[in-house]
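Notes for the structure review
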Amino acid sequence: MKIAFISDIHGNATALEAVLADIKKKQADKVVVLGDICYRGPEPKRSLDMVRNLDTDVIRGNADDWVYRGIKDGEVPDKALDIMREEQQWTVQHLTKDELNYLGNLPSQLTINLTEMIKVHGFHATPESLFDVVKPTETDESLEDKLMRDQTANVFLYGHIHLPYVRYINGKCVANLGSVGLPFDGLNQASYLMAEGDGNQFNIGIQRVRYDVEKVKKQLKNADYPNLAFLTDVIELGSL
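Reading the values: the criteria
- Residues numbered from 1 in each chain as written.
- Predicted model: local features only at pLDDT ≥ 70, side-chain atom pairs only at ≥ 80, totals over all residues.
- Heavy atoms only, no water.
- UniProt positions renumbered as here; feature names shortened; annotations may be inferred.
- Helix = DSSP H or I, 4+ residues; strand = E, 2+ residues; numbered from the N terminus.
- Buried < 20%, exposed > 50% of the residue type's maximum accessible area, 1.4 Å probe, protein only.
- Pairing = 2+ DSSP bridges.
- Polar contact = N/O pair within 3.5 Å; in protein donor to acceptor, adjacent residues only side chain to side chain.
- Contact = heavy atoms within 4.5 Å.
- Axes fitted to C-alpha atoms, helices over the stretch in contact; angles between N-to-C directions.
- Salt bridge = Lys/Arg side-chain N within 4 Å of Asp/Glu carboxyl O.

Per an unreviewed UniProt entry, the protein chain carries the name Phosphoesterase, MJ0936 family and comes from Lentibacillus persicus. For the record of the protein chain, the UniProt heading Sequence similarities (unreviewed entry) holds the text "Belongs to the metallophosphoesterase superfamily. YfcE family."

Our next topic: the UniProt feature "domain: Calcineurin-like phosphoesterase" (unreviewed entry) in the protein chain. In the UniProt entry, the feature "domain: Calcineurin-like phosphoesterase" (unreviewed entry) is given for residues 1-196. Between the C-alpha atoms that bound residues 1-196 there is a distance of 6 Å. The span itself is 32% helix and 20% strand.

Strand S7 (residues 172-176) sits mainly inside the fold: 5 of its 5 residues count as buried. Residues Lys172, Val174 and Asn176 of S7 are buried on one face, and the alternating residues Cys173 and Ala175, pointing to the opposite face, are buried as well. Alignment of strand S6 (residues 165-169) against S7, held across 5 bridges, turns out to be antiparallel. Across the sheet, the residue bridging to Val166 is Ala175, located in S7. Counting the residues between successive antiparallel strands, the hairpin from S6 to S7 contains 2 residues, one of them, Asn170, with a positive phi of roughly 50°.

Moving on, we get to the pairing of strand S3 (residues 109-113). Here S3 shows one buried face, formed by Leu110 and Ile112, and one open face, formed by Gln109, Thr111 and Asn113. Taken together, the 5 bridges between S3 and strand S4 (residues 119-123) define a ladder with antiparallel strand orientation. The residue bridging Thr111 from the neighbouring strand is His121, located in S4. Counting the residues in the hairpin turn of S3 and S4 gives 5 residues.

Looking at the element boundaries, Asn62 is found in helix H3 (residues 62-69). Engagement of the side chain of Asn62 in a polar contact is seen with the side chain of His160, the distance being 3.1 Å. Dropping the residues within four chain positions of it, Asn62 is found in contact with Asp36, His124, Leu130, Phe131 and His160.

A few words now on unusual backbone geometry. Phi is positive for His10, close to 50°, though the residue is something other than glycine. Locating His10 in the fold gives a position in the loop between strand S1 (2-6) and helix H1 (13-25). The backbone of Asp224 shows a phi angle near 55°, a positive value even though the residue is not glycine. Among the secondary structure elements, Asp224 is positioned in the loop between helix H7 (213-222) and helix H8 (228-237). Using a relative accessible area of 64% as the deciding quantity, one classes Asp224 as exposed.

Our focus in this paragraph is the side chain of His121. Mapping His121 onto the fold places it in strand S4. Filtering out sequence-adjacent residues up to four positions away, His121 remains in contact with Gln109, Leu110, Thr111, Pro127, Asp150, Ala153, Val155, Phe156 and Leu157.

Here 5 strands make up an open sheet; going across it, the order is S3-S4-S5-S7-S6 and the pairing mixed. Each having just a single partner strand, S3 and S6 make up the two edges of the open sheet. Along the sheet, successive strands turn relative to each other by an average axial angle of 15°, direction set aside. Two strands pair when backbone bridges link them, and strand S5 (residues 155-158) and S7 are joined in this way by 4 bridges, in the parallel orientation. Bridging from a neighbouring strand, Leu157 pairs with Ala175 of S7. Its contacts with the sheet place helix H6 (residues 140-147) against S4, S5, S6 and S7, and it is angled at close to 95° to S6.

This next bit is on the pattern of salt bridges. Per the counting criterion, the structure on display carries 19 salt bridges. In this structure, Lys119 and Asp150 form a salt bridge, with 3.7 Å as the shortest nitrogen-oxygen distance. Remark: Asp150 occurs in the loop between H6 and S5 and Lys119 occurs in strand S4; sequence separation between them is 31 residues. Across the pair Lys146 and Glu138 runs a salt bridge, and its minimum N-O distance is 2.9 Å.

Written as structure tokens, this is what we have:
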């Protein structure tokens, strides 16, 4: 079995299109989505349409919650709250009530079999939270405590931080997918994860895909997107 895990699309349908083409080329059996579909990008509706057309397992991210119910005080730094709420409202205006309800009613985590002997536990940030930040530099003990709670799982996958990595701890694997639409690691290419399994063996790999960055920058400008300068820089640099 070969499963592609994607997350953190953030309304960047151009990047998602490139990723799905790459997944098809690599002949994955299934695509799984670990949240943050629409918010903070030029094409929220097209991004969501593409995800729903996959007819697959999808879970909710913190940005999906924000689109559905708004951004609460304390969830982002005070200095960013007003502009991020403007971005949220811009996104909501491009979605229907049915689409908003879809985002709000997604489950928060999933378990999927890579093989009959290999189980994957997937969530957006941690099994308990859509918002907690778990960095690649944390100790093995910290990753086990925060992310590797399900003792029956062999592989633990998450999104949220937009920083792809793969670690192996006590014979199990924990990995971050990176971001399809807004990578933060300095490489302005979409990121996703491919998991392959056969019997009791598995292989986990980060995949990077080029997409038309200039096109997305123009889309943001033409759409009169709020917080334009900030988001354009992130798209161009692949970094905050």
